[in-house]
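Fold and contact review
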Amino acid sequence: MCTVTYISLNGIRYLTSNRDEHISRPASEKPKEEIVNNCRVLYPKDPKAGGTWFAVNENGVTAVLLNGAVQRHLPGESYRLSRGVVLLNIISNAAPAFHFEKIELNSIEPFTIILLEHKQLLELRWDGLNKYRRELNIDENYIWSSVTLYDKEAIKKREKLFKEFISEGSEITERSIIDFHHNDYNDSENGFIINRNNQLKTFSITQTVHDAPTIKMNHYDLLNEELHTIIISPNTLIDQNQ
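Here's a quick rundown of the structure. Quick caveat, the model's predicted, so the values are computed rather than measured.

What about the overall build of the chain?
Along the backbone of the chain there are 4 helices and 15 strands. Principal axes of the C-alpha set define a box for the chain whose edges measure 45 × 40 × 35 Å. Within the chain, the fraction of its 242 residues that count as buried is 52%. For the chain, contacts bridging at least 24 residues in sequence account for 53% of all contacts bridging at least 6. Here the chain displays about 11,900 Å² of accessible surface, and carbon together with sulfur accounts for 46% of that area. Considering the chain, the positive charge centre built from 27 side chains and the negative charge centre built from 33 side chains are found 4 Å apart.

Structure below.
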């Protein structure tokens, strides 16, 4: 929910997200399928608020959440719902992008959602006052960093590292993308794996690999050093860890 990359290569699409949290927050539950608003949704659950930052619905639509929208904001004392619960409300709808346009977001903290909906890649933002929707080129590559954690200089440095990774010529695979996300680049404050005074750390890396007609979810629990892999094929969910 704090770093997201999207890579499209040879017809395969990779969405990968790092979750950075304060150490007081509990670790997430491993990904599993639940029924949300009569829709089957696969996601790692945040046990504190009951939401998530990464989810795939029964139609293969995938949504990833980042904290913040366009610029850093001052957090309010309280909010009506957590952003992770809002993400579940959106992804469990029959038309997630349309639902974002209609859903009431007053008293919800600013966020960004990256939505991969079959042949469409969307960037959906809520800044606390207004909604923004931008359609992206599904065949291009992108990186996002949460504006609540990273300043403009750090974001530019991360974009540079991402471009170098894409263009360096080595083979890009789900494993190499995970390795890219699992690197502090000698900067524990602003690398992809962070540790800020043993208070704010990267908890996990979650990834989906979209290789039609299947979707694979890899969830790396960095706190417990565990990997959970689930493959979603049409009308079937296979937990590789069982």
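Examining the sheet that holds strand β7 (residues 111–117)
Taken in spatial order, the 7 strands make up an open sheet running β3-β4-β5-β6-β7-β8-β9, and their pairing is antiparallel. Strand pairing shows two members of the sheet lacking a second neighbour, β3 (32–36) and β9 (131–136), which therefore form its edges. Here the average twist between neighbouring strands, direction ignored, is 25°. Lying on the sheet, helix α1 (residues 83–91) is in contact with β3, β4 (39–43), β5 (54–57), β6 (62–67) and β7; it crosses β6 at an angle near 160°.

Observations concerning helix α4 (residues 174–181)
Within α4, burial applies to Ser176, Ile177, Ile178, Phe180 and His181. Contacts made by the buried residues of α4 are with β1 (3–9), β2 (12–22), α3 (152–167), β12 (200–211) and β13 (214–221).

Focus on the environment of Thr3
Position of Thr3 relative to the elements: it lies in strand β1. As for Thr3 and Val61, which are separated by 58 residues in sequence, their C-alpha atoms are 20 Å apart. Discounting residues that sit within four places of it in the chain, Thr3 has contacts with Thr16, Ser17, Asn18, Leu66, Trp144, Tyr150, Arg158, His181 and Phe192. A polar contact of 2.9 Å, which involves the side chain of Thr3, links it to the side chain of Arg158.

Things to note about α1
Where burial is concerned, most of α1 is hidden: 7 out of the 9 residues are buried. Looking at α1, one finds that the buried residues are Arg83, Gly84, Val86, Leu87, Leu88, Ile90 and Ile91. Buried residues belonging to α1 abut β3, β4, β5, β6, α2 (96–102) and β7.

Examining the pairing of β9
Summarising the sheet, strand β8 (residues 120–126) and β9 pair through 6 bridges and their orientation is antiparallel. Paired with Leu122 across the two strands is Glu135, which belongs to β9.

What about the nonpolar core?
Core analysis: the biggest nonpolar cluster contains 44 residues, and Phe111, Ile113 and Leu115 have the highest contact counts within it. With residues near it in sequence (within four places) discarded, Ile113 still touches Ala63, Val64, Leu65, Leu87, Ile90, Leu122, Glu123 and Leu124.

Quick word on the side chain of Asp46
Checked against the element boundaries, Asp46 lands in the loop between β4 and β5. What makes Asp46 buried here is its relative accessible area of 7%. Setting aside residues no more than four positions away along its own chain, Asp46 makes contact with Arg19, Arg25 and Gly51.

Rules and cut-offs
- Residues numbered from 1 in each chain as written.
- Predicted model: local features only at pLDDT ≥ 70, side-chain atom pairs only at ≥ 80, totals over all residues.
- Heavy atoms only, no water.
- Helix = DSSP H or I, 4+ residues; strand = E, 2+ residues; numbered from the N terminus.
- Buried < 20%, exposed > 50% of the residue type's maximum accessible area, 1.4 Å probe, protein only.
- Contact = heavy atoms within 4.5 Å.
- Areas by Shrake-Rupley, 256 points an atom, 1.4 Å probe, with all protein chains shown as cover.
- Lys, Arg positive; Asp, Glu negative; His and termini not counted.
- Charge placed at Lys NZ, Arg CZ, Asp CG, Glu CD.
- Pairing = 2+ DSSP bridges.
- Axes fitted to C-alpha atoms, helices over the stretch in contact; angles between N-to-C directions.
- Polar contact = N/O pair within 3.5 Å; in protein donor to acceptor, adjacent residues only side chain to side chain.
- Core = buried A, V, L, I, M, F, W, Y, C linked by side-chain atoms within 4.5 Å.

Everything listed is a geometric property; what it means functionally is a separate question.
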